[in-house]
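Structure assessment
What follows is the residue order along each chain.
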Amino acid sequence: MPKRIKFLLVSGPTREPLDPVRYLTNHSTGVMGQRLFEALRRRGHAVDWVRCPEEAGTALELLGVLRRKIRGCDALIMAAAVCDARPARFSKDKIKKRALGVIRLVKNPDILAALAKKKKRSQFFVGFALESKGLLKHARDKMDAKRLDLVIAQPVTVKKTPFGGGNLEAYVIRRSGGHKHFASVSKKALAGFVVRETEKLLARWPSS
Ligand code: C5P
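Keep in mind that this is a model prediction, so the values were computed, not measured. (Residues numbered from 1 in each chain as written. Predicted model: local features only at pLDDT ≥ 70, side-chain atom pairs only at ≥ 80, totals over all residues. Heavy atoms only, no water.)

Residues Leu-8, Val-10, Leu-62, Leu-66, Leu-76 and Met-78 are the most contacted members of the largest nonpolar core, which totals 28 residues. If you list the elements that add at least two residues to this core, you get strand 1 (6–13), helix 2 (59–69), strand 5 (75–81), helix 3 (111–116), strand 8 (124–131), helix 4 (135–145), strand 9 (150–155) and strand 10 (168–174). Not counting residues within four places of it along the chain, the set of residues in contact with Met-78 comprises Val-10, Leu-62, Leu-66, Ile-111, Leu-112, Val-126, Gly-127 and Phe-128. Residues Ile-5, Ala-79, Phe-182 and Leu-201 belong to the second largest nonpolar core, which totals 27 residues. (Core = buried A, V, L, I, M, F, W, Y, C linked by side-chain atoms within 4.5 Å. Buried < 20%, exposed > 50% of the residue type's maximum accessible area, 1.4 Å probe, protein only. Helix = DSSP H or I, 4+ residues; strand = E, 2+ residues; numbered from the N terminus. Contact = heavy atoms within 4.5 Å.)

As C-alpha cells, this is what we get:
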C-alpha cells in the first residue's frame with residue numbers, strides 16, 4: 001500500500017441565491033466526488049470531504065471553509081463546480097415576477113487561484129477543466145494560473161456532457177509534462193487513475 005496521504009476533497013455545485021426561493025447553479029451532480037472519495041478510501045488515505053452545496057452553499061462560503069482547512073492537507077482535489085458568478089444582490093423577500101427581467105450578476109472569486117497564493121511547496125493540487133473549445137490549451141493555462149499539478153480536462157458540448165453517472169471523455173494532464181487520454185472511461189476508473197497518479201507524483205515531491 002502507498003504512504004497515507006491527507007486529502008482535502010471538494011465536490012458538487014455551489015448555489016448562488018437570488019431570493020429565498022430561487023438560485024443560480026449548474027448541472028454538476030457530485031458523482032465524480034463520490035467516486036473519488038471511494039477510490040481514496042480504498043487506497044487507505046485520510047479524506048476530509050467538503051460536499052457542495054450541503055456543507056458550503058455558495059462560492060463565498062466555500063472559500064471561507066477551504067481557507068480554514070487547506071493548511072492541514074497534503075493534497076487538494078478541487079472537483080467542485082463553483083458558479084463563476086452570483087446575483088449582485090440577495091433579496092430577503094421573494095422577488096415579484098415583473099422585476100425578474102434583468103438579473104445583475106457579479107463575478108465570484110476563483111477559489112483555487114486564491115488558495116494557490118499560499119500553496120506550500122509540499123502540497124499537491126488537482127483541478128478540473130471543462131471546455132467546449134481549445135480544451136488542452138485552456139487546461140494548461142488553468143494549470144499555470146492556479147498552480148495545479150494535475151488537471152482533469154473534459155470536453156463539453158450540448159450533446160456530450162460529463163455530468164452524471166455515465167462514461168465520459170477525459171485527459172489527465174501532468175504539470176511535469178505529458179497527458180493520458182481516455183476516449184470513454186467510467187468515473188470509477190478515472191477516479192482510481194487520478195488517485196494512483198497523485199500517489200506516484202507525490203512520492204517524488206519535496207518535503208515542506
Ligand atoms: O471554472 P474553471 O474552468 O476555471 O475551473 C477550473 C478549476 O477551478 C476547477 O477545479 C474548479 O473547481 C476551480 N474553480 C474555483 N473557483 C472558481 C471557479 C473554478 O476554484 N470560481
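What follows picks up the thread again.
Sheet strands pair via backbone hydrogen bonds, and the direction of the pair is either parallel or antiparallel. Read across the open sheet, the seven strands follow the order 4-1-5-8-9-10-11; overall the sheet is mixed. Single-partner strands in this sheet number two, and they are strand 4 (46–51) and strand 11 (179–185). Geometrically, the sheet is characterised by an average inter-axis angle of 15° between neighbouring strands, direction not taken into account. Two strands pair when backbone bridges link them, and strand 1 and strand 5 are joined in this way by seven bridges, in the parallel orientation. Paired with Phe-7 across the two strands is Ala-75, which belongs to strand 5. Against the sheet, helix 1 (residues 31–42) engages strand 1, strand 4, strand 5 and strand 8, with an angle of about 170° to strand 4. Strands strand 1, strand 5, strand 8, strand 9, strand 10 and strand 11 of the sheet are contacted by helix 5 (residues 187–202), whose axis makes an angle of about 5° with strand 10. (Pairing = 2+ DSSP bridges. Axes fitted to C-alpha atoms, helices over the stretch in contact; angles between N-to-C directions.)

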